[in-house]
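Structure at a glance
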Amino acid sequence: MIILNSRNQVLIRVPKTASTSLAVQVYDNFLDPVIDVSYTIEDNTVGEFVEDSYRREVNFKPIEHLFKDHMDAMHASWWDLKELNLVDDSMEILTTIRHPIDRWLSIYYFHKKYFDPKLPPVEEVALQWPYDMGKYNKWFHRTQTDFVDPYRTTYVNPKNLDYFFKVNPFRDRKTVLSANATKHLLDYYIIDYNHYVSASTI
């Protein structure tokens, strides 16, 4: 997440919603390294080295020691931050929101590539969802709206990042799931889907 005290905003990084792209654009365009605080560098184990570019420019220390580990901090929810008195209700919440099927496919391929190459075929995992993702269950089994208050959040659709920040639009994967698998996943993520549809009309 990034707490933008300079703008009275907080960027909540929901896993697998193109939040890295949004975070980098915030770094490049809006961050005040004196009063803003962040824990949004990528985990080196998955090959992302945003840290190398921004470590000296961002105020990390006030955040790091408050969380159990890297992922807990990077993907802290609005309520996690409120509990630690790092944010208050006057702040605008920003987050990316993604179609839940596209997000789920990103979860599947991410986990298969970096952590479990022997993961069953995509259709099988979809039909068994929530499938056991080990220590990542607490991020991947949660809905996008588990991370933010959906009724007081400004959503940025990843496909519209080019409009908001003049970067290339996010490209969804072209995997076809059966109607049964799609329905099963949408039933699980129905609240996310409803908010995605609302946000897409912005």
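Cut-offs used in this document
Residues numbered from 1 in each chain as written. Predicted model: local features only at pLDDT ≥ 70, side-chain atom pairs only at ≥ 80, totals over all residues. Heavy atoms only, no water. Phe/Tyr/Trp six-rings, centres within 6.5 Å; stacked < 30°, edge-to-face > 60°. Helix = DSSP H or I, 4+ residues; strand = E, 2+ residues; numbered from the N terminus. Lys NZ or Arg CZ within 6 Å of the ring centre and 35° of its normal. Buried < 20%, exposed > 50% of the residue type's maximum accessible area, 1.4 Å probe, protein only. Pairing = 2+ DSSP bridges. Salt bridge = Lys/Arg side-chain N within 4 Å of Asp/Glu carboxyl O. Polar contact = N/O pair within 3.5 Å; in protein donor to acceptor, adjacent residues only side chain to side chain. Contact = heavy atoms within 4.5 Å.

1. What to know about the packing of aromatic side chains
Applying the stated rule across the entire model yields 11 aromatic pairs. Ring geometry for phenylalanine 115 versus tyrosine 136: centroids 4.7 Å apart, planes at 40 degrees, classification tilted. Of this pair, phenylalanine 115 sits in the loop between α6 (100-114) and α7 (122-127) while tyrosine 136 sits in the loop between α7 and α8 (137-140), and the two are 21 residues apart along the sequence. Three or more aromatic residues link up through ring pairs in this structure, and these residues are Phe110, Tyr114, Phe115, Tyr136, Trp139 and Phe140. Across the ring face of phenylalanine 30, the terminal group of arginine 7 is positioned such that the distance to the ring centre comes to 4.2 Å. The ring of phenylalanine 147 carries arginine 142 above its face, with NZ or CZ at 4.1 Å from the centroid.

2. So, the pairing of strand β4 (residues 92-96)
Burial within β4 is extensive, with four of its five residues counted as buried. The pairing of strand β2 (residues 9-11) with β4 spans three bridges and is parallel. Note on β4: the bridge partner recorded for glutamine 9 is glutamate 92. The sheet contact formed by β4 and strand β5 (residues 153-156) spans four bridges and is parallel. Looking at β5, one finds that isoleucine 93 is bridged to threonine 153.

3. Some words on the pattern of salt bridges
In this structure the tally under the stated criterion is three salt bridges. The partner of aspartate 72 in a salt bridge is lysine 138, with the nearest N and O atoms 3.1 Å apart. One end of the pair, aspartate 72, is in helix α4 (residues 70-74); the other, lysine 138, is in helix α8, and 66 residues separate them in sequence. Judged by its relative accessible area of 40%, lysine 138 is partly exposed. Between aspartate 187 and lysine 183 there is a salt bridge, with its nearest N and O atoms 2.8 Å apart. A residue pair is termed a helical-turn pair when its members lie 3 or 4 positions apart in one helix, as aspartate 187 and lysine 183 do in helix α10 (residues 179-188) at four residues.

4. Focus: the side chain of threonine 153
Note that threonine 153 resides in strand β5. Residue classification places threonine 153 among the buried residues on the basis of a relative accessible area of 13%. At a separation of 2.6 Å, a polar atom in the side chain of threonine 153 contacts the main-chain carbonyl oxygen of aspartate 149. Discounting residues that sit within four places of it in the chain, threonine 153 has contacts with Ile93, Thr95 and Val148.

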